[in-house]
Structure formats: C-alpha cells, structure tokens
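# Per-entry structural report
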Amino acid sequence: MRGQNVWVVFKLVTFVKLGKIVKSKTVPLVVDLDGTLTNVDTLHESLVRLLLTNPIEFLKLTPRISAGKSKFKSSVASVQSLDPKMLPYNEVVIKLIVQAKADGRKVVLASAANQQIVDSVSEHLGFFDLALGSSAAQNLSGSAKAAKLDEEFGLGNYDYVGNSKADLQVWAKSKQALIVSGSKTLATRVAKLNDSSVVIDDRKTNTVGDWVKQLRIHQWSKNILLAIPLLAAFSPLSPSTLLSLGLAFLSFGLVASSVYLLNDLSDLDNDRSHHIKRARPFAAGRIPIFLGLSASVGLLILGMFLATTVGAAFLLVMVVYFAATVLYTFALKRVTLVDSLVLAFLYTLRVIAGGVATAIPVSFWLLSLSVFLFMSLAWVKRYAELDAGLKLGKDAAKGRGYTSQDMPIIMSLGVASGFLSILVFALYLDSEVVSINYRTPEIAWLAVPMFTYLVGRVWIKAHRGEMNQDPLIYIFKDKASLLTAGLVLVALISAHLGVTI
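This one's a predicted model, so the numbers in the text were calculated from it and none came from an experiment.

What follows covers the environment of Lys73. Along the chain, Lys73 falls in helix α5 (residues 69-79). On the accessibility criterion, Lys73 (11% relative accessible area) is buried. Separated by 61 residues in the primary sequence, Lys73 and Ser134 have C-alpha atoms spaced 8.0 Å apart. In contact with Lys73, not counting residues within four places along its chain, are Leu43, Ala112, Ala113, Asn114, Ser134 and Asn139.

Below, the structure is given as structure tokens:
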C-alpha cells in the first residue's frame, strides 16, 4: 500500500525534462541504491547507527571486516536494520523511475548493498520489478554487477543510473549512462566509456555551506555568555584577558559543534520526520555520516587542546560540559523535565566558564539569576517545539518526553522561572553588596522594567507561535530584544559610573 501511495504522488508530476533525457524506452532501467536512489550510503548509516546505539555489538562486528565486503555487509544487515521510510530519497531519480514505469519499461533496483536492505527499499517504494543486492557470497559491485545485469537482460541491454566510480564498469556496458553526481571529472570519465551519457542531477554536496550549517556555527553566538562575568564585574580589559576569553570562545564553539554532530547522527530519524530539521545536511544526506563522525572526534580534540591553553580549571569545565552534553544527547533529552534542567545547566555553565577563563569569581547573585533565566529559556524552547508540532497535527514532540497537553504546565514553569530571575536581580539591587559595582544603584533599577519586558516578550512570542526553537538565538536576532538588552546595559553602566538624574 505504501508503494502505491508513492506511485500516486509522483504520477502527478510532469516529467518534461526527464522525458528528453531518456532515449531508450524499451530496455530496462536499472537504478543503483546508495548515493543514487537514496542520498546516503546505507552501509555507513547502518554502522554509525549501530555504533551509537549498541557499541558492544559494533565492536563484535569489527573483526569480520577481514572476511570480505560481502560477508561483512551481511553481518551488519543481520544485526542492524534500516527503516526505508526514514531514508532521504533523490527526487530526480524517483521522477525518472516513475516516467519509465509510465513508458511501460521494466525498472530494476541493483545495488552493492545487502539484499535485505535492497528488498526493504523495493517493498517500501513499490515500483521495482526486480531487486538485486549483495549476498554473503557475492558483493554486487562493479564488474560483478555488470555481469549480473548482462546475465539478466542480455549484453548491455539496459540503461543504468549510478553515482560513483564504482559504477564505471556498468556504465561502460549499458546503452545509456545516467549520472547522479556533481563531479565533472566523473562525468568526463563516463563520457569516454559511453557515448550516450547524461548527467541527470549535478547538485553539489558536502560543500563548505553544508558544513557551516551542520556545525551550527550560528549557535556559537551563545558563547557571548562567557563575557557576562567580565561585564557584570565591570572589569578592565587587558590583552591577556581578551586572549583567554577568545580562546575560551573558540574552545566552547569547537566542542559544542562536536556534540552537535553527534546529536544529529544519533537523531537522524527524528530529524527526518521534522518539518525544519529534515533539511540538516546529515538528515538530507548532503554530508557523508562517516565523515561527520570523524569530524566530531577531530573538533573535540582541537577544542580540548585550546581549553588547556586557557588553564587547567577551564579544561575541567569543558570536560564537564562535554560529558553533560553527551549524556543529554543520548539519554536525558528524552526525560521529561530533566531535559530542560540540563539545558539550563549548560547555558549557566558558559557563564561559569567565562568566570574561570577571566579569573573573575561568579557571584551568588549572578549564578542565581543565570539559573532561573536560562531555565525559563529552556522551557521556551520546549514550548516552541510543541507548538510547531501541533500546527502540523503532531500531538507530541518526537524524541522528547512531552505532549501538547503539557504546554500550559511548561508555560507556567517557564514564566515563573523568568520572573524569579527578575526577582533575584531586584533583590541584588536592594542588597548591601550592590555598592561594590554601582555608585548610584537607584539608576540600575531602571533596568528592572526593561528586563521584565524582555522576559515577557519572549513568552508572548512563544505563545503566539512566533518563536523559533532556540530562544537565545531569537533574542540575538530580534531587534526589539536587542534594543531592550542594550538599554539594560546602558542603565547598568550609568549606575556604575555614578550618573544621576
């Protein structure tokens, strides 16, 4: 039934461009799987999923690599299955297949992937007449695939759709070579082997832009929180302080990106089911996931190295941050209430790290304010996720421990936390220690209503469904929020300098 649904959806599409490309309308159309029909390598995806979900079983499989590719693939498929509904498919290739079916052609799925995976994809899509894959005895790749296709359909009596140099021997024999790759070098090589070669999809993948998006470089703006202890203490700037703060900023960014990679690798299915996150490079298949795993390790090593240059105490904070984020990624983000508490802790840890990096003690008041404020923002994040899902007809946030019924409670907790942070700030302004940093503390009271407005604005935006799913990033981009934060800073600086009204 699923396959029929896919067929109906794509039957509605007009295939004028592809109709011009496909010249052979009588011979079978043979389609490769990994990197062609799907945007990912199914073996790599299976291995990464196994490593992240069952590392012991992964280690047990490692020695079997010596037995050869075909046996290794069979072993992997026996312990790690892939849900074909969750794979990112190439729409151009799907359209080509549907047109071939409309022309009455036989359509074949032929892949070096294990037969079990090939069969599951074929059954899910429902429009293949034959599915050929690797067995424990044979790896159906290159010359082996070409020989198998010759045996099935006659010498070169088929058109072939592929994506890599592993397909060269098949393209050399096929009637028409259809290429799914942005590599001009590959296209040139295929053209030398087959006079009838056409690039049907030349989109570039694994680009700098893909990596910037995947590493979530924009999230590095959160590391501005490292400067809060310096600003709160009105400490004079020195070259050594700025250097330490800069290195701390980079260290946090690299380690955070390392964990973002791990998070997205472990959350592929949830991301692919999400209306926004499905565009992430790993989820969409734009960056090879094995490359992502290697990059995660490299970024972690580099980030921790930079942490050592800041100091041993800062390195310890970074180790705690990494451990907490990994624990959150693989377990705690699914635990109701605990997940938001951990998020608030991770935000607050940046403030603590800033104090450690600049050798400025974080006061009880600043720590208390940070905990309650970031707890409020963590609840905003969960509320916004549920609200976005509700608009799409989803009652629960996938991969989280909440349903839409929890939204009133989440808002209550979040608003309460936000106003507790304001109360802490007000109590600080009324305390004896305020005179340490402020010559005219009464001027600092002007910041209280502005702070109240900022917290209230965030929650009103969330309630109206106008909040994206990272409130801190929203605040950094929202003009009214930035203006309000700027006025808070002006009020505090004025109080520090002793300005009077």
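Glancing now at the packing of helix α16 (residues 289-310) against helix α17 (residues 312-330). Two numbers describe how α16 lies on α17: the axes approach to 7 Å, and their chain directions differ by 150°. Judged by the angle between their axes, α16 and α17 are roughly antiparallel. The residues of α17 that touch α16, namely those facing Leu300, Met304, Ala307, Thr308 and Val310, are Phe314, Leu315, Met318, Val319 and Phe322. A class-by-class count of the residues in the contact of α16 with α17 yields nine nonpolar, one polar and no charged.

To continue, consider the environment of Phe127. Position of Phe127 among the secondary structure elements: in the loop between α7 (115-125) and β3 (130-134). Judged by relative accessible area, which is 2%, Phe127 ranks as buried. Along the chain, Phe127 and Val98 lie 29 residues apart, while their C-alpha atoms are 7.9 Å from each other.

With respect to the helices and strands, the residue Asp339 is situated in helix α18 (residues 338-358). A residue is classified by how much of its surface remains accessible, and Asp339, at 0% relative accessible area, is buried. Setting aside anything within four residues of it in sequence, one finds Asp339 in contact with Tyr328, Leu332, Lys333, Arg382 and Tyr402.

Parameters and conventions
- Residues numbered from 1 in each chain as written.
- Predicted model: local features only at pLDDT ≥ 70, side-chain atom pairs only at ≥ 80, totals over all residues.
- Heavy atoms only, no water.
- Helix = DSSP H or I, 4+ residues; strand = E, 2+ residues; numbered from the N terminus.
- Buried < 20%, exposed > 50% of the residue type's maximum accessible area, 1.4 Å probe, protein only.
- Contact = heavy atoms within 4.5 Å.
- Axes fitted to C-alpha atoms, helices over the stretch in contact; angles between N-to-C directions.
- Parallel < 35°, antiparallel > 145°, perpendicular 65-115°, else oblique.
- Nonpolar A, V, L, I, M, F, W, Y, C, P; charged D, E, K, R; others polar.

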